[in-house]
Amino acid sequence: MSRWSETLDALMRERGRALYGYAFVLTGDAADADDLLQDALVRAFKRGRGPENVDAAHAYVKRAIQTTFIDTHRRASVRPRRDHRDADRVLQDPTAATTTRDALHEAVLALPPRERTCIVMRYFDGLASPAIAEELGISAGTVRGYLASAVETLRRTHGDFGLDPTDALEGGDEHVVITSKGGAR
Amino acid sequence: MSNELMDSLARQAEAGGTLYDGRDMDDAVVAPARRRVRRAHTLRAAGTLGVTALVLAGGLTAVLEWQGGRGTVAPAVTNVPDVDPDALTADDLRARTTARTLDDGRTGQAGILCSMPVKDNPYAGSDFSRADDCPAMWVADQPLLEVTRADLTLDGDGTVHIAWELANTSDESITVDEGTLSIALTSAPDRVMDGEGYTAGDRQLIAPSLWTSAEERVVQMEGETSRVTLRPGDVLDGDATLDPQMFTGLGTEGLLTGISEGTVAPTVTLQVRVPPAGDPGTRELFLEDSAVVITTGTMDPVSASFEGLEPRLQGETRDDAQEALVCHVGEADNPRFAVEDGEDVPAWSTPTCEAVWIPGGKQLELTELTISQADEFSSELYWNAANVSGRELELDEASMAASIDLGDAGYIMNSGGVSVGWSPWDTDRTRKGALTSASSRAFLPAGAELTGSKTFERDPETKGADISILIRVVREDDEDGTRELLLELPWSMEG
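Residues numbered from 1 in each chain as written. Chains lettered and ligands numbered in written order. Predicted model: local features only at pLDDT ≥ 70, side-chain atom pairs only at ≥ 80, totals over all residues.

Draft legend 1. Highlighting the overall build of chain B. Counting secondary structure elements, chain B contains 4 helices and 32 strands. Relative to its 495 residues, chain B shows a buried fraction of 46%. The long-range share in chain B, meaning contacts at least 24 apart out of those at least 6 apart in sequence, stands at 77%. (Helix = DSSP H or I, 4+ residues; strand = E, 2+ residues; numbered from the N terminus. Buried ≥ 20, exposed ≤ 12 C-beta atoms within 10 Å, placed from the backbone. Contact = placed C-beta atoms within 7 Å.)

Draft legend 2. Focus on the pairing of strand β31 (residues 466-473) of chain B. Residue and element names in this part refer to chain B. Burial within β31 is extensive, with 7 of its 8 residues counted as buried. By the bridge criterion, 7 bridges tie strand β24 (residues 393-405) to β31 in an arrangement that is antiparallel. Each residue of the ladder has a partner; that of Ile404, found in β31, is Ile467. Inspection of the sheet shows β31 paired to strand β32 (residues 483-492) by 7 bridges, in the antiparallel sense. The residue bridging Ile469 from the neighbouring strand is Leu489, located in β32. (Pairing = 2+ DSSP bridges.)

Draft legend 3. Structural detail: the packing of helix α1 (residues 3-27) of chain A against helix α2 (residues 30-45) of chain A. Residues and elements named next belong to chain A. At a closest axis distance of 9 Å, the pairing of α1 and α2 adopts a crossing angle of 140°. By the angle between their axes, α1 is oblique relative to α2. The hand of the α1/α2 crossing is right-handed. Mapping the contact onto sequence places Trp4, Leu8, Leu19, Tyr20, Ala23, Phe24, Leu26 and Thr27 in α1 and Asp32, Ala33, Leu36, Leu37, Leu41 and Phe45 in α2. (Axes fitted to C-alpha atoms, helices over the stretch in contact; angles between N-to-C directions. Parallel < 35°, antiparallel > 145°, perpendicular 65-115°, else oblique. Left-handed = near helix turned anticlockwise from the far one by under 90°.)

Draft legend 4. Representation of the packing of α1(A) against helix α1 (residues 3-21) of chain B in the model. The contact between α1(A) and α1(B) brings their axes to 7 Å, and the two run at 125°. By the angle between their axes, α1(A) is oblique relative to α1(B). The handedness of the crossing between α1(A) and α1(B) comes out as right-handed. Where α1(A) approaches α1(B), its residues A:Gly16, A:Arg17, A:Tyr20, A:Gly21, A:Tyr22, A:Ala23, A:Phe24 and A:Val25 are matched on the opposing element by B:Leu9, B:Gln12, B:Ala13, B:Glu14, B:Ala15, B:Gly16, B:Gly17, B:Leu19, B:Tyr20 and B:Asp21. The residue makeup of the contact of α1(A) with α1(B), split by class, is 10 nonpolar, 5 polar and 3 charged. (Nonpolar A, V, L, I, M, F, W, Y, C, P; charged D, E, K, R; others polar.)

Draft legend 5. Representation of the sheet that holds strand β30 (residues 449-457) of chain B in the model. Residue and element names in this part refer to chain B. Read across the sheet, 3 strands follow the order β22-β23-β30 without closing on themselves; strand pairing throughout is antiparallel. Looking at the sheet topology across the chains shown, the edges are occupied by β22 (364-373) and β30. Pairwise comparison of adjacent strand axes, ignoring direction, gives a mean angle of 20° for this sheet. Across 9 bridges, the pairing between strand β23 (residues 378-387) and β30 is antiparallel. Of the residues in β30, the one forming a bridge with Tyr382 is Ser453.

Draft legend 6. Layout of helix α8 (residues 140-158) of chain A. Residues and elements named next belong to chain A. With 19 residues, α8 should cover 27 Å at 1.5 Å per step; its first-to-last C-alpha distance of 26 Å lies within 8% of that length. Listed in full, the buried residues belonging to α8 are Val143, Tyr146, Leu147, Ala150, Val151, Thr153, Leu154, Thr157 and His158. Looking straight down α8, one finds its buried side chains confined to an arc of 160°; they lie on one side. (Expected span 1.5 Å × (residues − 1). Arc of directions from axis to C-beta.)

Draft legend 7. Summary view of the pairing of β23(B). Residues and elements named next belong to chain B. By the alternation rule, side chains of β23 split into Ser379, Leu381, Trp383, Ala385 and Asn387, which are all buried, and Ser378, Glu380, Tyr382, Asn384 and Ala386, of which none is buried. Pairing analysis gives 9 bridges linking β22 to β23, with the strands arranged antiparallel. When the sheet's bridge partners are listed, Thr370 is paired in β23 with Tyr382.

Below, the structure is given as structure tokens:
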């Protein structure tokens, strides 16, 4: 078996669950997550000899998930719809935590892909806007623009559930962290 | 803090993880990814994007691996009988086979018998598909499977639809692998290919002929295995759609025009694998039958903008003509005509296009092209082009795309109108173009300049790369999306 193939096996054995979970967060759909992870694996492993080890592969594939998701945003099944609803019509009982989380994720899935990816990188990966910008190969100002727009949409549709616009734009870690075996990121 | 949002995303990730735990991800994700990576490595090893070469006895035949467009679908079987364990298998039929040659004058059931190590057998778990040339065989003195319908409909934009039926006309039940059935469209089926090559992929193939020598024929080994039994009188039927780009590939020259003008009567060949009774081993048997298609429809007249263009070869230079590309994609595969989804982010496609010259001198030339480091991960490509045609040009500024050719490097990036990595050239006459959903028509007066920039993933190899900028020409009949004309502006970073 070739080295890249062994690395691919090891990656999926050790980190497949986390990577699939990440794809599922972005797409919200099992079939779309399948496609997204498959595309990301191809992107990561068809270049040269492929990543050197599982950590490198994890970083490559995760980044490929993010960029592939943005690139293929016109796939019909993940096509976003601008959410023009107002908060008072969406969330009747903001104290119901489970309902809030479910509704919030629905709202995240309705965001355009770039905004959605930035929100996931900010609030799931815990990254600051400069780190998101580095990962996506775009400017930090552009990332802040996406985050601001996304936060505005989420607050408009779900009211004030503690989402702090300043924290969204200024908070987070400056460095990407790839956790080891079993890690959620 | 935004605990609710963080909790929500974490819960969704865990839900995805639970899904992952409960499913066989190998079938859904890993195996197909591995096949695609292997194919990419195989293609890259051959040297040029999308092109592999098969060394055959007595000559070299090139093969264009079709990458698959949005409009291209594999033959879809629409009527599938079930399985009978007592039906004929490859083990039964192989014992009856005798050699078949192009001119042996015999009739009966034609077949193809491929031999390969088990590790290379796509049906034995090898995770790459292949098209190969294998010995032709007679499997029976009388036909077993016959093409009973082959109707071709040609759309105005050049899209080809083929409706077919394959019937068991024998008095024995036969097990076939309907999931890997493939369809071939040939223009000169009764001669040996003469180095033209063929275009294949997604269980579809276009070629002058399937004969690579007087003794061997091409067969595709792709798809997901699915056994069914064809009892006497049973019929498999299905449809295939071949989009216009496929007719830009090797071995397709003049076919689409010939079909439209009625000067070529193409033949459809259906090839279906007959599985063995047990596990796949070192030999695979295929049955095949052909029929001349009944054709309806013609292509719409070609716009005047595409008249007078001359073929261009890779590396060819001329001072009296402008490098350009004709991308015959059909309106369904033209992003400019895609249904707007309300987003501001343009969609891009990279179709295979025909390299051409526009006679009459240069129209647009690059006067400056630079690459600078934007940040740790990305570089910025900046260019300046001048209208040197002596007249006003109408161009689509939003269509500007860049291709950075790093040779045998794989794709480092291929999105957003920027391709970095593999050569854009598929063959010496065709190369990848770039089409986008965005459009911004602009008049460029004689002598005026046009600038553009693209950001891409940084790679040190770009310092010596061949780069080309593409820009779409706005035509009088711009509302017709069947074809697009792109100006190609070459630049060498080596000077």
